[in-house]
Amino acid sequence: EQDLKKMEALWSVTDENSEIYSINHADGMPVEVEDMTADLLQFALTMSRQTDGALDMTLYPVLTAWGFTTGSHQVPSDETLAQKMRLVGYDKVSLSGSTVTLRPGMEIDLGAVAKGYACDIITNNLKANGVTSGIVSLGGNIQVIGKKPDGSDWQISIEHPQNGDSLGMLSAANASVVTSGAYERYFTGEDGKRYGHILDPATGQPAQSGLASVTVVGQEGKLCDALATAFFVMGLEKTQVYLEEHSGIEALIMTEQGEIYLTAGLKDKFTLNQPYQHIPVYALKP
Ligand code: AMP
Ligand code: MG
């Protein structure tokens, strides 16, 4: 609880006393941050490289142009978008030790990774304090410690991205389970189109990779959080390539067409609920 408050105070984009706020308003000057913040920034940069920029913490000016940061949603003009996109690029973030420097106008937000990172810290503290069974849940990020007290696996409900129902149950022990999807936060434009809060850093437009939701299962919450967002941007094919090249990660994906893709490790762990048993399930990763 105390940890969580501290992390919120450090990493909130809107709180004027947060370290992220200081970084975003330094106007090109270097900012000294706490070790934990530097570590999270370093992790986010590493993941950006590893996902070919599908994950990018410097999208904040573009998110603001779409109104996702304020709630007054709008489709930005091409001109505005082009102007904001010039401020985007994780490779322009300078992090050396615990000193962060952004170019004037650039702004970062750690919304895609901070919750997973926070879950790890909370979970590790609980374990250090002798907790051997439990659940830590933080907005779409779940971490289960051990098994249930009765010795069986935890059952985690996976939400149906199109109607909010429980789509199915995922059994898990000692694992992190993180879900990302545009259905969590979106607005409908005057053109009747839906615009989601996860942006494709290549275009500044809401990611339209054909996926409705992505759930990543693994050991570390921060990794699962980063990848759930990145896979949502990357789409099925690029996700498949990533999974072929990296081990220790399982994924459950629902496409906009309403198909489910599962990695081999989840095949026997995921059960569709009664009303959804007709949904086709395919293997992800050969
Ligand atoms: P998540 O719920 O973990 O998928 O994170 C989504 C949040 O991360 C959004 O609400 C934005 O604040 C931010 N965001 C959106 N698109 C991206 C992206 N491509 N890379 C990094 N952060 C993003
Ligand atoms: Mg994420």
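As the structure is a prediction and not an experimental result, all values here were calculated from the model. (Residues numbered from 1 in each chain as written. Chains lettered and ligands numbered in written order. Predicted model: local features only at pLDDT ≥ 70, side-chain atom pairs only at ≥ 80, totals over all residues. Heavy atoms only, no water.)

S.K.: Can you walk me through the coordination of the magnesium ion (ligand 2) in this structure?
M.R.: As a benchmark, a tetrahedral metal site with four donors has ideal angles of 109.5 degrees, while an octahedral site with six donors has ideal angles of 90 or 180 degrees. Only Ala-112 (O), Asp-225 (O), Asp-225 (OD) and Thr-229 (OG1) from the protein coordinate the magnesium ion (ligand 2), and they sit 2.0 to 2.4 Å from it. Counting along the primary sequence, the residues that act as donors to the magnesium ion (ligand 2) give the motif A-x112-D-x3-T. Of the two residues, Ala-112 sits in the loop between strand 3 (99-101) and helix 6 (114-128) while Thr-229 sits in helix 7 (residues 221-245), which places them 117 residues apart along the sequence. Judged by its relative accessible area of 11%, Thr-229 falls in the buried class. (Donors = N, O, S within 2.8 Å, 3.2 Å for Na, K, Ca; no water. Helix = DSSP H or I, 4+ residues; strand = E, 2+ residues; numbered from the N terminus. Buried < 20%, exposed > 50% of the residue type's maximum accessible area, 1.4 Å probe, protein only.)

S.K.: Would you explain the sheet that holds strand 2 (residues 94-96) in this entry?
M.R.: To summarise the sheet geometry, strands pair through backbone hydrogen bonds and adopt either a parallel or an antiparallel arrangement. Read from one edge of the open sheet, 3 strands run 1-3-2, paired in antiparallel fashion. Unpaired on one side and paired on the other, strand 1 (31-32) and strand 2 mark the two borders of the sheet. Here strand 2 pairs with strand 3 via 3 bridges, running antiparallel. In the sheet register, Ser-94 faces strand 3, and the bridge partner there is Thr-101. (Pairing = 2+ DSSP bridges.)

S.K.: For this particular structure, what's the right way to read the packing of helix 6 against helix 7?
M.R.: The angle between the axes and the distance between the axes are what describe a pair of packed helices. Relative to each other, helix 6 and helix 7 sit at 165 degrees, their axes nearing to 7 Å. When the axis of helix 6 is compared with that of helix 7, the two are roughly antiparallel. Every pair of crossing elements has a handedness; the one defined by helix 6 and helix 7 is right-handed. Mapping the contact onto sequence places Ala-114, Lys-115, Gly-116, Tyr-117 and Asp-120 in helix 6 and Gly-221, Lys-222 and Asp-225 in helix 7. (Axes fitted to C-alpha atoms, helices over the stretch in contact; angles between N-to-C directions. Parallel < 35°, antiparallel > 145°, perpendicular 65-115°, else oblique. Left-handed = near helix turned anticlockwise from the far one by under 90°. Contact = heavy atoms within 4.5 Å.)

S.K.: Mind showing me how you'd approach the packing of aromatic side chains here?
M.R.: Within the structure shown, the criterion is met by 7 aromatic pairs. Aromatic pair Trp-11 and Tyr-117: ring centres 5.5 Å apart, planes at 80 degrees, arrangement edge-to-face. Placement of Trp-11 in helix 1 (residues 2-11) and of Tyr-117 in helix 6 is noted, with a sequence separation of 106 residues between them. With relative accessibility at 8%, the residue Trp-11 sits in the buried group. Using a relative accessible area of 7% as the deciding quantity, one classes Tyr-117 as buried. For the pair Tyr-261 and Tyr-282, a centre-to-centre distance of 5.2 Å together with 35 degrees between the ring planes defines the contact as tilted. Here Tyr-261, found in strand 13 (residues 260-262), pairs with Tyr-282, found in strand 15 (residues 281-283); they are 21 residues apart in sequence, far enough to count as distant. (Phe/Tyr/Trp six-rings, centres within 6.5 Å; stacked < 30°, edge-to-face > 60°.)

S.K.: What is the right way to look at the nonpolar core in this model?
M.R.: Nonpolar side chains in soluble globular proteins tend to be buried together. If you look at the biggest cluster of nonpolar residues, it comprises 58 residues, and the most contacted ones within it are Trp-11, Ile-23 and Leu-110. At the level of secondary structure, the elements contributing two or more residues to this core comprise helix 1, helix 2 (19-24), helix 3 (35-50), helix 6, strand 4 (134-138), strand 11 (211-218), helix 7 and strand 12 (250-255). With 11 residues, the single largest contributor to this core is helix 7. Core analysis: the next-biggest nonpolar cluster, separate from the first, contains 20 residues, Ile-156, Leu-170, Ala-172 and Val-217 among them. (Core = buried A, V, L, I, M, F, W, Y, C linked by side-chain atoms within 4.5 Å.)

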